[in-house]
Amino acid sequence: MAKYKINFDRTKCIGCGACVAACPSNWEMRDDGKTKNKKEIISDSEYSGNKEAEEACPVNAINIIKTKD
């Protein structure tokens, strides 16, 4: 089973919420108006939604890297 690591650069986040809309199971809005991922390491079953969040981010603050097969 593959494992993936989410690299999230919160300093780039503009708080648009696109990642939350794409994958609410792992992304949430915080009180400061920016988003935050709930999990940094995800499995195959969580990849698809988080990949959608990565692709939806207009400032490329999210980068998912495969860490293990």
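Model, not experiment: these values are computed from the prediction.

J.: Could you give an account of the overall build of the protein, naming the residues involved and the relevant values?
T.: For the protein, the helix and strand inventory stands at 2 helices and 5 strands. Starting at the N terminus, the α and β elements of the protein follow one another as β-α-β-β-β-α-β. For the protein, the C-alpha radius of gyration of 11 Å lies close to 11 Å, the compact-globule estimate for 69 residues. For the C-alpha atoms alone, the extent of the protein along its principal axes is close to 35 × 20 × 20 Å. In the protein, once contacts between residues fewer than 6 apart in sequence are set aside, the share between residues at least 24 apart is 61%. In the protein, 12 positive and 11 negative side-chain charges are present, and the distance between their average locations comes to 4 Å.

J.: Give me the side chain of N37: which residues, what numbers.
T.: With respect to the secondary-structure elements, N37 resides in strand 3 (residues 35-37). You can call N37 buried: its relative accessible area is 9%. Polar side-chain contacts of N37 include one of 3.1 Å to the backbone oxygen of K39. Sequence-distant contacts of N37, that is, excluding residues within four places in its chain, are made with I6, F8, N26 and W27.

About the criteria used
- Residues numbered from 1 in each chain as written.
- Predicted model: local features only at pLDDT ≥ 70, side-chain atom pairs only at ≥ 80, totals over all residues.
- Heavy atoms only, no water.
- Helix = DSSP H or I, 4+ residues; strand = E, 2+ residues; numbered from the N terminus.
- Rg over C-alpha atoms; globule rule 2.2 N^0.38 Å.
- Contact = heavy atoms within 4.5 Å.
- Lys, Arg positive; Asp, Glu negative; His and termini not counted.
- Charge placed at Lys NZ, Arg CZ, Asp CG, Glu CD.
- Buried < 20%, exposed > 50% of the residue type's maximum accessible area, 1.4 Å probe, protein only.
- Polar contact = N/O pair within 3.5 Å; in protein donor to acceptor, adjacent residues only side chain to side chain.

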